[in-house]
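Understanding the architecture of this molecule
Each chain, letter by letter, is given below.
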Amino acid sequence: MTTFEITVNGQTQNVAVDATTPMLWVLRDHLKLVGTKYGCGIAQCGACTVHLGDTAVRSCQLPISAVGDQEITTIEGLSENGDHPVQEAWLEEDVYQCGYCQAGQIMNASAFLKSNPKPTDEEIETAMNGNICRCGTYTRIKKAIKRAANSENS
């Protein structure tokens, strides 16, 4: 075991784990941040998406040893009161059904909008292509991303 000092949601954390431990399990099992979900375990579904710096990454395949000094942001750290423009747009567009994939969807969408604040429909579809929603709320997801892009706070 190695002790890693990482910054998660603005807080410095020390965790003693094997260097190959996926960030997903550090978040869920060691830090008790369970908003990030396990979906497929092979970085194909997007349920485990978090931010590493400003980039959306799949935490199920990101070993803790690869984090370095970059900050990790989870759904719990996206905004203090759930008032991030993407979170608000998700509610306004009634995106949720079962909700399982939504933290990953929101994290991917918020990172995407940070790098592309005024995307086209095609750019949204391309950026969100790797996030799977078993309930099929893709139309509402796209509407929510467009709403967030048009908000004054994004």
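Described below are features of the structure shown in this document. (Residues numbered from 1 in each chain as written. Predicted model: local features only at pLDDT ≥ 70, side-chain atom pairs only at ≥ 80, totals over all residues. Heavy atoms only, no water.)

1. Some remarks on the packing of aromatic side chains
- By the definition in use, this model includes one aromatic pair.
- Note on tryptophan 25 and tyrosine 38: the rings are 5.4 Å apart at their centroids and 35° apart in plane angle, and the pair reads as tilted. With tryptophan 25 in helix α1 (residues 23-30) and tyrosine 38 in the loop between α1 and β3 (49-52), the pair connects residues that are 13 residues apart, well separated along the chain.
- With relative accessibility at 29%, the residue tryptophan 25 sits in the partly exposed group.
- Since its relative accessible area comes to 36%, tyrosine 38 is described here as partly exposed. (Phe/Tyr/Trp six-rings, centres within 6.5 Å; stacked < 30°, edge-to-face > 60°. Helix = DSSP H or I, 4+ residues; strand = E, 2+ residues; numbered from the N terminus. Buried < 20%, exposed > 50% of the residue type's maximum accessible area, 1.4 Å probe, protein only.)

2. So, the packing of helix α4 (residues 102-115) against helix α6 (residues 138-150)
- Contact pair α4 / α6: the axes reach a minimum separation of 11 Å and the direction vectors enclose 40°. In terms of orientation, α4 lies oblique with respect to α6. Relative to α6, α4 is oriented so that their crossing is right-handed. Counting all contacts with α4, which are made through Gln105, Ala109 and Leu113, the residues of α6 involved are Ile141, Ile145, Ala148 and Ala149.
- Of the residues assigned to the contact of α4 with α6, the class counts are six nonpolar, one polar and no charged. (Axes fitted to C-alpha atoms, helices over the stretch in contact; angles between N-to-C directions. Parallel < 35°, antiparallel > 145°, perpendicular 65-115°, else oblique. Left-handed = near helix turned anticlockwise from the far one by under 90°. Contact = heavy atoms within 4.5 Å. Nonpolar A, V, L, I, M, F, W, Y, C, P; charged D, E, K, R; others polar.)

3. Considerations on the pattern of salt bridges
- With the rule as written, the count across this model stands at six salt bridges.
- Between arginine 147 and glutamate 92 there is a salt bridge; the shortest N-O distance is 3.1 Å. Of this pair, arginine 147 sits in helix α6 while glutamate 92 is found in helix α3 (residues 85-92), placing the two residues 55 residues apart along the sequence.
- Judged by its relative accessible area of 36%, arginine 147 is partly exposed.
- Linked through salt bridges whose partners overlap, the residues forming this network are Glu92, Glu93, Lys143 and Arg147. (Salt bridge = Lys/Arg side-chain N within 4 Å of Asp/Glu carboxyl O.)

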